[in-house]
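A structural walkthrough
Each chain, written out:
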Amino acid sequence: MSATTTTTDADEPTETTPEGEADGTDGSTATRAVDLNATGGARVVRHRERATNHWEGVAAVTTLLGGAGIIFRSPALLLAAVVGIAFAAYAKVAEPIPVELAVERELSDDDPDLGDDVEVTVHAKNVGESTIPDLRLVDGVPESLEVVDGSARAATFLRAGDRTSFTYTVAAKRGTHDFRSLSAYVRGFTGAVETELDLSASTEMVATPSLEPTAEVPLRQQTSRYAGRVDTDSGGEGLEFYQTREYRRGDSLSRIDWNRHARTGELTTVEFREEKAATVVCVLDLRRGAYVHATDDNFHAADYGVDAAGQVFATLLDTGDRVGIGALSARDVWLAPGLGNEHRIRAEELFATHPALSPERPDDYFSLGVGLRNLRKRLPNDAQVIVFSPLADDEAAKAARILHAHGHAVSIVSPDPTDGETLGHRVARVERLARISALREVGVRVVDWDVDDALATTLARARRRWSA
Amino acid sequence: MSTATDRDAASTASDADDGGGGDGEDELTGREIDRRPTPLSAVVALAAAGVVAIAASVGSTAGGALAGVGVVALAPAVLVGYPRLVDVGALALLVGIALAGSGDAPELWVLVATVSAVVAWDAGQNAISLGEQLGRDANTARAEVAHSAATVAVGSTTAGVAYVVYLFAGGSRPLSGVVVLLVAVAILLGALR
């Protein structure tokens, strides 16, 4: 065993270093050393042997050629019949081979952002005594993940002490993904008997929305009484000139326009535009209807919405606004508006673990009326609302209108799930655009976000349009 | 000649781990696993079948033609993946060999043709089984080479030994001697199990 140990050790740097370098650039953490020597054989969860019947029928060679040989009195054919017998014997002597495998899975990044490509490398080592002539490995990719490049399966010939590895790429989706087991199908040279093993090899990948600030989020003018960065339509303390007005008793001396007083003898007071902080609640659309996607897209519109909400949340927190999280969902999702690091951590936890934020489409029935009532009860009166919804059905638009009608300034960030590929998509696109213009007419701001563009670009464009 | 259980197990194995979850209407774009046979073994199967056709046509034109039919049947079978058609193609190859051998084909050619026919059939079935279990995109070359090399080794060793024995002993013996030899081997085989 010492000989194999040295070979593995020698292999080690060549196998892991390139990945380590690749990872180093994006600062990921997950280049664990692959040490298959220490583990011994992986724990076998399930073990089954079966005949593959691969050689069933090879006796036909003997029967056919031998028979023809006798009929035609041909020595050549009788001789050829021997070959058939040999193969029949070959298939008969096949026995399941003892298998001992050490397996390990490695992720290029076990804490990726939404949509990141994560390279998964599976290492297997034959720690048994005998050669495995036909080792077929099928990695247990979590159902929620999509293999986008390479294949999560491989077959090889593995001598005792040798190791093999294969790599494939998955697109990270939000949530916690557990790679549970690895299936191995082992055949001898004949392939007549197959040993089926499920090896336990657990790896976890946690993909949380990046709570990374994006471009400044355009906010409405509904503000709280705290100082902040939202320009309001009222004069007072601030930086930008707003208006002059007649002097009133009690105005600060420093605010009196003395030049004007010198010129005309009147006392006037200069007012500046007040800048206030906003209270914002990000409302995620997590109803069934939000789990829609473009024809060739790996992600639901709701996924993009949640990701965008994470970014908007972080941005608003950085600009000193009070920000909370709510949702249109059958489950209870609520984080009251707040400030500071602790609040950020609570939000991160919610984004990472809340079951309602799953990438799987929910099956529960959601009543818009009840859901909205519960949401409104919790919304602070001065809160403005940013809804993250694809607006793929009328319910979402209705929710926005109701919130708007109850005095909350509503903006919608709407990831566009439609494309022109099918007739259905084209119809849905027209309906969605109609919904958006109807919402704009009643005074709801809608950011129509083509998910191929960065959120920051789209927000910047919207901001320019609205400030003009 | 078949591998029915092969395929059953393969499909259950693959069901468990295909990506892209969700219910039918909600299916996100998943890359379908290409379940066609693996190319390397398919090429090996076709090449071996080609050898059969050439060797059979040495003995008789009819045998060569029938073996050619076998190749034609085998081609779509191992490229697209019809296990039954592999069996049919291999059977056509065998009948071609029988026709060639009933003529005056040299013994060595018949032996080579027989081994090649078995290799073609084995590689074809293996390609299909690998394709269904792992898919065409998986890296399977080493396993395929090992499997086919073992089959070729077993076949050529047997053929070689049989031919040498035949040259030194069988040439002048009456045909019944070879038949008795065959029966003896068959009994031995029965005892082996």
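How each quantity is defined
- Residues numbered from 1 in each chain as written.
- Chains lettered and ligands numbered in written order.
- Predicted model: local features only at pLDDT ≥ 70, side-chain atom pairs only at ≥ 80, totals over all residues.
- Heavy atoms only, no water.
- Helix = DSSP H or I, 4+ residues; strand = E, 2+ residues; numbered from the N terminus.
- Buried < 20%, exposed > 50% of the residue type's maximum accessible area, 1.4 Å probe, protein only.
- Contact = heavy atoms within 4.5 Å.
- Pairing = 2+ DSSP bridges.
- Axes fitted to C-alpha atoms, helices over the stretch in contact; angles between N-to-C directions.
- Expected span 1.5 Å × (residues − 1).
- Arc of directions from axis to C-beta.
- Patch = residues over 30% accessible without salt bridge, like charges linked within 9 Å, V, L, I, M, F, W, Y side chains within 5 Å.
- Areas by Shrake-Rupley, 256 points an atom, 1.4 Å probe, with all protein chains shown as cover.
- Salt bridge = Lys/Arg side-chain N within 4 Å of Asp/Glu carboxyl O.
- Lys, Arg positive; Asp, Glu negative; His and termini not counted.
- Charge placed at Lys NZ, Arg CZ, Asp CG, Glu CD.
- pLDDT = per-residue confidence, 0-100.
- Core = buried A, V, L, I, M, F, W, Y, C linked by side-chain atoms within 4.5 Å.

Before going further, it helps to examine the overall build of chain B. Looking only at helices and strands, chain B has seven helices and zero strands in total. Listed by position from the N terminus, the elements making up chain B come as α-α-α-α-α-α-α. The 193 residues of chain B split such that 47% are buried. A fraction of 76% describes how many contacts in chain B between residues 6 or more apart in sequence connect residues 24 or more apart.

What follows covers the side chain of A:Thr279. Structurally, the position occupied by A:Thr279 is in strand 12 (residues 279-285). Apart from the residues lying within four places of it in its own chain, the contact partners of A:Thr279 are A:Ser224, A:Arg322, A:Pro337, A:Pro380, A:Asp382, A:Ala383 and A:Gln384.

Strands belonging to one sheet form pairs held by backbone hydrogen bonds; the direction of such a pair is parallel or antiparallel. One open sheet accounts for five strands, arranged 1-9-8-4-6 (chain A); its pairing is antiparallel. In the strand order of this sheet, the two ends are held by strand 1 (44-51) and strand 6 (153-158) of chain A, each with one partner. In this sheet, neighbouring strand axes are inclined to one another by 20 degrees on average, regardless of whether the strands run parallel or antiparallel. Sheet topology note: the strand 8 (residues 175-187) of chain A/strand 9 (residues 193-207) of chain A ladder contains twelve bridges and is antiparallel. Among the inter-strand pairings, A:Asp178 is bridged to a residue of strand 9 of chain A, identified as A:Glu204. Where helix 5 (residues 107-134) of chain B meets the sheet, its contacts fall on strand 1, strand 4 (132-139), strand 6, strand 8 and strand 9 of chain A, and the angle it forms with strand 4 of chain A comes to roughly 30 degrees.

On to helix 9 (residues 394-405) of chain A. Residues and elements named next belong to chain A. Between the first and last C-alpha of helix 9 there are 16 Å, a value that for twelve residues agrees with the 16 Å anticipated at 1.5 Å per step. Buried residues of helix 9: Ala396, Ala397, Ala399, Ala400 and Leu403, and no others. One side of helix 9 holds all its buried residues, which, seen down the axis, span an arc of 155 degrees. Opposite its buried face, helix 9 presents the exposed residues Asp394 and Ala405, each directed more than 90 degrees away. If you follow the buried residues of helix 9, they end up packed against strand 12, strand 13 (322-328), helix 8 (368-378), strand 15 (383-388), strand 16 (410-415) and helix 10 (423-441). Looking at the residues trailing helix 9, positive phi occurs at glycine 407, about 90 degrees.

Attention now goes to a positive patch on the surface. All names here are of chain A. Taken together, the side chains of Arg440, Arg461, Arg464 and Arg465 make up a positively charged region of the molecular surface. When residues of the positive patch are assigned to their parent elements, the largest contribution, three residues, is made by helix 11 (residues 455-467). If you trace the backbone, arginine 440 turns up in helix 10. Residue arginine 440 is classed as partly exposed on the basis of its relative accessible area of 41%.

Residues and elements named next belong to chain A. For the structure shown, the criterion picks out 23 salt bridges over all chains. Close ionic contact of arginine 46 with glutamate 196 constitutes a salt bridge, the shortest N to O distance being 2.8 Å. Here the residue arginine 46 occupies a position in strand 1, and glutamate 196 occupies one in strand 9, the gap between them amounting to 150 residues. Where glutamate 431 meets arginine 435, a salt bridge forms, and the shortest distance between an N and an O atom there is 3.6 Å. Taken as a pair, glutamate 431 and arginine 435 lie in helix 10 at a separation of four residues, close to a single helical turn. Classification of glutamate 431 as partly exposed rests on a relative accessible area of 41%. Shared partners join several salt bridges into a network, and the residues in it are Arg46, Arg48, Glu196 and Asp198.

This part takes up the confidence of the model for chain A. Residues and elements named next belong to chain A. Scored by pLDDT, chain A comes out at a mean of 81, with 90% of its residues at no less than 70. Averaged over each element, pLDDT in chain A is lowest for helix 1 (residues 2-26) (34) and highest for strand 16 (92). Predicted confidence is poor over residues 1-33, with pLDDT under 50, and the contacts of this stretch with residues over four places away or in other chains come to 40 contacts.

On to the sheet that holds strand 7 (residues 163-171) of chain A, then. Residues and elements named next belong to chain A. Spatially, 2-3-7-5 is the arrangement adopted by the four strands of the open sheet, whose pairing is antiparallel. Of all the strands in the sheet, just strand 2 (101-107) and strand 5 (146-150) have a single pairing partner and so form its edges. Neighbour-to-neighbour, the strand axes of the sheet open up by a mean angle of 30 degrees, direction not taken into account.

A few words now on the pairing of strand 4 of chain A. Within a regular strand, the side chains alternate between the two sheet faces. All names here are of chain A. Where burial is concerned, most of strand 4 is hidden: eight out of the eight residues are buried. In this structure, strand 4 lies alongside strand 6, joined through five bridges in antiparallel fashion. The partner of leucine 135 across the bridge, within strand 6, is threonine 156. The sheet contact formed by strand 4 and strand 8 spans six bridges and is antiparallel.

Residues and elements named next belong to chain A. Looking at chain direction, strand 13 and strand 14 (residues 334-338) are connected through three bridges and run antiparallel. The partner of glycine 326 across the bridge, within strand 14, is tryptophan 334. Adjacent in sequence and paired antiparallel, strand 13 and strand 14 are bridged by five residues.

Here we come to the nonpolar core. Among the nonpolar cores identified, the biggest contains 53 residues, and A:Trp55, A:Val58, A:Leu65 and B:Ile97 are the most heavily contacted of them. Within the residue set of this core, elements represented by two or more residues are helix 3 (59-72) and helix 4 (75-92) of chain A together with helix 2 (39-59), helix 3 (61-81), helix 4 (83-102), helix 5 and helix 6 (141-170) of chain B. Of the residues forming this core, the biggest block, eleven residues, is contributed by helix 5 of chain B. With residues near it in sequence (within four places) discarded, A:Trp55 still touches A:Phe87, A:Tyr90, A:Ala91, A:Thr190, A:Ala192, B:Val118, B:Trp121, B:Asp122 and B:Thr151. Core analysis: the second largest hydrophobic core is formed by 42 residues, A:Cys282, A:Ala309, A:Ala356 and A:Leu459 among them.

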